[in-house]
Amino acid sequence: MKKIGIAVTALMVVLLLCLTGCNTNFKFEDLALSSEVVSELSVTYGKDMKVTSNVAKIDNVINELNGLDIEKFKDKVTDNVFSDSVVGKITMQIKDKEGSFTMIFVETVVNGEKVSLLKCDTTDGLKIKKLSKGIYKMESTIIANAMLNKIFANCI
């Protein structure tokens, strides 16, 4: 009876690890960024850019981004998309660290469907393990544009 209990427990642990490891969604709130961590934030939307180091404004932007729950993008996309089709960009300078965390929002066509992608990356040698890197697919281009517009117009 003890051996069966141990086997069942081991199987449950393996199943739990598989389920948590298979989650490919990105939740911005998991990064635990706040105005205590971010010293400066810049938001580019279209051809305009705003920069702030105001604590309240940084918190407003981060609160908006905390609503992000997006899935990992599995298809291939060329790197030039993230320089040619940019809709918006959010760059966060981390306190007491060199480099920054950058989120680039683009609109492109994949398999005949218009999609909004988000590329998260660190720049200039920033090394913080918890900062997710990769390409993610937004729910829709309309939602992505609305979020960027709201951040640019109301939060900064």
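Before reading further, recall that the structure is shown in the block above.
Rules used in this analysis
Residues numbered from 1 in each chain as written. Predicted model: local features only at pLDDT ≥ 70, side-chain atom pairs only at ≥ 80, totals over all residues. Heavy atoms only, no water. Buried < 20%, exposed > 50% of the residue type's maximum accessible area, 1.4 Å probe, protein only. Helix = DSSP H or I, 4+ residues; strand = E, 2+ residues; numbered from the N terminus. Arc of directions from axis to C-beta. Contact = heavy atoms within 4.5 Å. Polar contact = N/O pair within 3.5 Å; in protein donor to acceptor, adjacent residues only side chain to side chain. Salt bridge = Lys/Arg side-chain N within 4 Å of Asp/Glu carboxyl O. Core = buried A, V, L, I, M, F, W, Y, C linked by side-chain atoms within 4.5 Å. Expected span 1.5 Å × (residues − 1). 1 Å grid on protein atoms, 1.4 Å probe; cavity = no way out; pocket = protein on both sides within 12 Å on 5 of 7 lines; lining within 4 Å. Points joined across faces, edges and corners; volume = space filled by probe spheres on them. Nonpolar A, V, L, I, M, F, W, Y, C, P; charged D, E, K, R; others polar. Phe/Tyr/Trp six-rings, centres within 6.5 Å; stacked < 30°, edge-to-face > 60°. Lys NZ or Arg CZ within 6 Å of the ring centre and 35° of its normal.

Novice: How should helix α2 (residues 55–65) be read in this particular structure?
Specialist: Since the α-helix advances by 3.6 residues per turn, residues separated by three or four positions end up pointing in the same direction. Within the span of α2, buried status applies to Ile 58, Val 61, Ile 62 and Leu 65. For α2, the angular spread of buried residues about the axis comes to 95 degrees, placing them on one side. Packed against the buried residues of α2 are β2 (38–45), β3 (48–52), β5 (86–94), β6 (100–110) and α4 (141–155). Its side-chain oxygen placed 2.8 Å from the backbone nitrogen of Ala 56, Asn 54 serves as the N-cap of α2.

Novice: What exactly am I supposed to notice about the environment of Lys 119 here?
Specialist: Note on placement: Lys 119 falls in strand β7 (residues 113–123). Leave out the neighbours within four places in its chain, and Lys 119 touches Asp 79, Phe 82, Thr 102, Met 103, Ile 104, Gly 134 and Ile 135.

Novice: Quick question: what am I supposed to make of the side chain of Thr 108 here?
Specialist: Counting through the fold element by element, Thr 108 comes out in strand β6. Leaving out residues up to four positions away in the same chain, Thr 108 has contacts with Val 81, Glu 113, Lys 114, Val 115 and Leu 117.

Novice: Explain the pattern of salt bridges to me, please; I cannot follow it from the model alone.
Specialist: A side chain with one charge may pair with a side chain of the opposite charge, provided their charged atoms come close. Taken as a whole, this structure holds 3 salt bridges when the rule is applied. Residues Lys 150 and Glu 64 are paired through a salt bridge, measuring 3.0 Å at the closest nitrogen-oxygen approach. Placement of Lys 150 in helix α4 and of Glu 64 in helix α2 is noted, with a sequence separation of 86 residues between them. Accessibility expressed as a relative area gives 24% for Glu 64, which makes it partly exposed.

Novice: Help me understand the nonpolar core in this model?
Specialist: In summary, soluble globular proteins display a tendency toward joint burial of nonpolar side chains. Grouped together as the largest cluster of nonpolar side chains are 31 residues, with contacts concentrated most on Phe 28, Leu 33, Leu 65, Leu 68, Ile 90, Met 92 and Met 103. When residues in this core are grouped by element, the largest group, 6 residues, is from α4. One finds Phe 73, Val 81, Ile 104 and Val 110 within the second-largest nonpolar core, a separate group that totals 9 residues.

Novice: In this structure, what is going on with α4? I would like to understand it.
Specialist: With 15 residues, α4 should reach 21 Å at 1.5 Å per residue; the first-to-last C-alpha distance of 20 Å fits that figure. Among all positions of α4, only Thr 141, Ala 144, Met 147, Leu 148, Ile 151, Phe 152 and Cys 155 are buried. All buried residues of α4 project into a common sector of 135 degrees when viewed along the axis, lining one side. Of the exposed residues in α4, the ones pointing more than 90 degrees away from its buried face are Ile 142 and Asn 154. Contact partners of the buried residues in α4: β2, β3, α2, β5, β6 and β7.

Novice: Mind showing me how you'd approach the layout of surface pockets here?
Specialist: Unoccupied space between atoms shows up once a probe the size of one water molecule is rolled over them. Space inside the largest pocket adds up to approximately 210 Å³. Along the walls of the largest pocket sit Glu 64, Gly 67, Leu 68, Asp 69, Ile 70, Glu 71, Lys 137, Met 138, Glu 139, Ile 143 and Met 147, which together make up its complete lining. Secondary structure elements with two or more residues in the lining of the largest pocket: β4 (69–72) and α4. Considering only residue class, the lining of the largest pocket consists of 5 nonpolar, 1 polar and 5 charged.

Novice: Would you take a moment to explain the packing of aromatic side chains for this structure?
Specialist: Each aromatic ring pair is specified by the distance between its two centres and by the angle formed by the two planes. Per the counting criterion, the structure on display carries 1 aromatic pair. With 6.1 Å between their ring centres and 40 degrees between their planes, Tyr 45 and Phe 152 make a pair best called tilted. Taken as a pair, Tyr 45 in strand β2 and Phe 152 in helix α4 lie far apart in primary sequence, 107 residues in all. The aromatic ring of Phe 152 is capped on one face by Lys 50, whose charged end is 4.6 Å from the ring centroid.

Note that every value here comes from positions in space, so none of it alone points to a role or purpose.
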